[in-house]
Amino acid sequence: MSKVKEMTTGPALPLIFSFTMPLLLGNLLQQTYSLIDASIVGKFLGINALASVGASTSVIFLILGFCNGCCCGFGIPVAQKFGARDYATMRRYVTVALQLALVMSIVIATVSGYYCRDILRMMRTPDLIFDGAYDYLLVTFIGIPCTFFYNLLASVIRALGDSKTPFWFLLFSTILNVFLDLFCILVLGWGVMGAAIATVVSQGISALLCYFYMIRKFPILRPESADDRKFHSGLARTLLAMGVPMGLQFSITAIGSIMLQSANNALGTTCVAAFTSAIRIKMFFICPFESLGIAMATYGGQNYGAGKPERVWQGVKVSSAMMFAYALVVAAILLLFSRQLALLFVDPHETEILDKAALYLHVSCFFFPILGLLCILRYTIQGVGFSNFAMFSGVMEMIARTLVSLYAVPAWGYLAVCFGDPTAWIAADLFLVPAFWYVYKQIKKRNHEKDALSAM
């Protein structure tokens, strides 16, 4: 039997650190695959193929970000009921979440696949790379149910305090993905589309294995009555109230990214290739920020459910200290070795692409502490049930990126693209810092009211 873990007692630092590490390793695995995937495409298929993959990155984040956000949101009521030790309701939430996931993933896959070509046209994707971008994007959209179910199952397991089990399935998925990548691209000759097929197949297999393992090894999740297997509309509304705002937050953020990428696409294939390379490297190095945020969502959800708001604030302070220490280290690495890292994707003679990729990374790393704070506050706010505030922070990001895309990029070109994300992070934090103080006061007030009623 796999072990669940409560984070409602004990020092916050070791709890958050031990929970974060498997998440971090899992995120690093995903980003390592992303690096390898882009490296295989760039080295074996050429710069145009690499640009084809990069041209659809923001669109994938728009759609898959919504799906992943919903999955994280669906895990929050599970974490809260687990923290409150209401296991019967927790199991019903899991059942309803799986039912919602089936319907939502099929609908999203159908609609996004149908409009795939129109989306790329609206993004001003260069004709030279359009067909490759379309093939990659279409296959990714068709595979949305695989992605949705894997992320939902991983979210449920993490809600029980177990971040290690999803890591092992992610490790299997990553290894399988790399082998399928090489097979589909080098042996079958499927080009860019082969990279997308490899990803979808590996995620689908991992989702199935994860489901059977979860049912077998987590007795606390097994339905114990017919009521545990039924669809409950009230629970569905709660799940959607948590999941949809989180999904929209990712999607709203991605709309700004699409605007920024569209502006960058208009600058030509060289800028697209440099942007693609730099984004892959940046995503690898910001994994700890995302991992700390996800850990705080579970930590916050469990302690909110247990009626311990002071531990939520303690967790924010501890995770922020870890984040700042890491941000200083990674900034030094990127300032010194950005150009060398970009050589993973392009040949040494592509000097213009290397220069532009290094510029993007140099600008971004100075703002990493702002991004780290964003992740911690946003996920904590989501974990205690205020998903709408997290969504509004995404609106701030979207507005900032849109303004940069419409006004700064036409004036200053690729340099403005480099400042697009940092500007969005600053805008989000300007909202999230006061929002967190409000949320913290609210959950303390609710807890005092609950204690007062219990004492009567």
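Residues numbered from 1 in each chain as written. Predicted model: local features only at pLDDT ≥ 70, side-chain atom pairs only at ≥ 80, totals over all residues. Heavy atoms only, no water.

Draft legend 1. Seen up close, the overall build of the protein chain. Helix and strand counts for the protein chain stand at 18 helices and 0 strands. Expressed as a percentage of the 456 residues in the protein chain, the buried residues total 59%. Counting only contacts in the protein chain whose residues sit at least 6 apart along the sequence, the fraction spanning at least 24 positions is 85%. Put simply, the protein chain shows about 18100 Å² of open surface, and 69% of that area lies on carbon and sulfur atoms. (Helix = DSSP H or I, 4+ residues; strand = E, 2+ residues; numbered from the N terminus. Buried < 20%, exposed > 50% of the residue type's maximum accessible area, 1.4 Å probe, protein only. Contact = heavy atoms within 4.5 Å. Areas by Shrake-Rupley, 256 points an atom, 1.4 Å probe, with all protein chains shown as cover.)

Draft legend 2. Up close: the side chain of Lys282. By the secondary structure assignment, Lys282 is in helix α11 (residues 269-285). Assessed through its relative accessible area of 4%, Lys282 is described here as buried. Not counting the four nearest positions on each side in its chain, Lys282 is found in contact with Tyr360, Leu361, Ser364, Phe368, Asp421 and Trp425.

Draft legend 3. Inspection of the pattern of salt bridges at higher detail. Applying the stated rule across the entire model yields 5 salt bridges. A salt bridge links Asp421 to Lys282; the nearest nitrogen and oxygen atoms lie 2.7 Å apart. One end of the pair, Asp421, is in helix α18 (residues 420-455); the other, Lys282, is in helix α11, and 139 residues separate them in sequence. Across this residue pair, the class does not change: Asp421 and Lys282 are buried. As a salt-bridge pair, Glu397 and Arg401 come within 3.2 Å of each other at their nearest N and O atoms. Placement of both Glu397 and Arg401 in helix α16 (residues 387-412) is noted, with a separation of 4 residues, approximately one turn of the helix. Residue classification places Glu397 among the buried residues on the basis of a relative accessible area of 3%. One network of salt bridges, with partners in common, ties together Lys282, Arg378, Glu397, Arg401 and Asp421. (Salt bridge = Lys/Arg side-chain N within 4 Å of Asp/Glu carboxyl O.)

Draft legend 4. How the structure looks around a nonpolar patch on the surface. A contiguous nonpolar surface patch, about 710 Å² in accessible area, is contributed by Leu102, Val103, Ile106, Val107, Val111, Tyr114 and Tyr115. Mapped onto the secondary structure, Val103 falls in helix α4 (residues 87-114). With a relative accessible area of 53%, Val103 lands in the exposed category. (Patch = residues over 30% accessible without salt bridge, like charges linked within 9 Å, V, L, I, M, F, W, Y side chains within 5 Å.)

Draft legend 5. Region of the structure containing empty space enclosed by the protein. Inspection of the entire model under this criterion finds 2 cavities of 30 Å³ or more. Here the second largest cavity is characterised by a volume of approximately 140 Å³. If you go around the second largest cavity, the residues you meet are Cys72, Gly75, Ile76, Ala79, Ser155, Arg158, Ala159, Met246, Ile294, Ala297, Thr298 and Tyr379. Of all the secondary-structure elements, those providing two or more residues to the lining of the second largest cavity are α3 (57-83), α7 (144-159) and α12 (287-305). Take the lining of the second largest cavity: its biggest share by element is 4 residues, from α3. (1 Å grid on protein atoms, 1.4 Å probe; cavity = no way out; pocket = protein on both sides within 12 Å on 5 of 7 lines; lining within 4 Å. Points joined across faces, edges and corners; volume = space filled by probe spheres on them.)

Draft legend 6. Just the packing of α7 against helix α8 (residues 164-187), in detail. Here α7 crosses α8 at 150 degrees, and the two axes come no closer than 8 Å. In terms of axis orientation, α7 runs roughly antiparallel to α8. When α7 is examined against α8, the residues Tyr150, Ala154, Ile157 and Arg158 are found in contact with a partner set consisting of Thr165, Pro166, Phe169 and Leu170. (Axes fitted to C-alpha atoms, helices over the stretch in contact; angles between N-to-C directions. Parallel < 35°, antiparallel > 145°, perpendicular 65-115°, else oblique.)

Draft legend 7. How the structure looks around the packing of aromatic side chains. Inspection of the entire model under this criterion finds 18 aromatic pairs. For the ring pair Trp313 and Phe436, a centre distance of 6.0 Å and an interplane angle of 35 degrees mean the geometry is tilted. Pair noted here: Trp313 is in helix α13 (residues 309-342) and Phe436 is in helix α18, with a separation of 123 residues, a long-range link. With a centroid separation of 6.0 Å and an interplanar angle of 20 degrees, the aromatic rings of Phe386 and Phe389 are classed as stacked. Judged by its relative accessible area of 13%, Phe386 is buried. An aromatic cluster of at least three residues, connected via ring pairs, comprises Phe386, Phe389, Phe392, Phe431 and Tyr438. (Phe/Tyr/Trp six-rings, centres within 6.5 Å; stacked < 30°, edge-to-face > 60°.)

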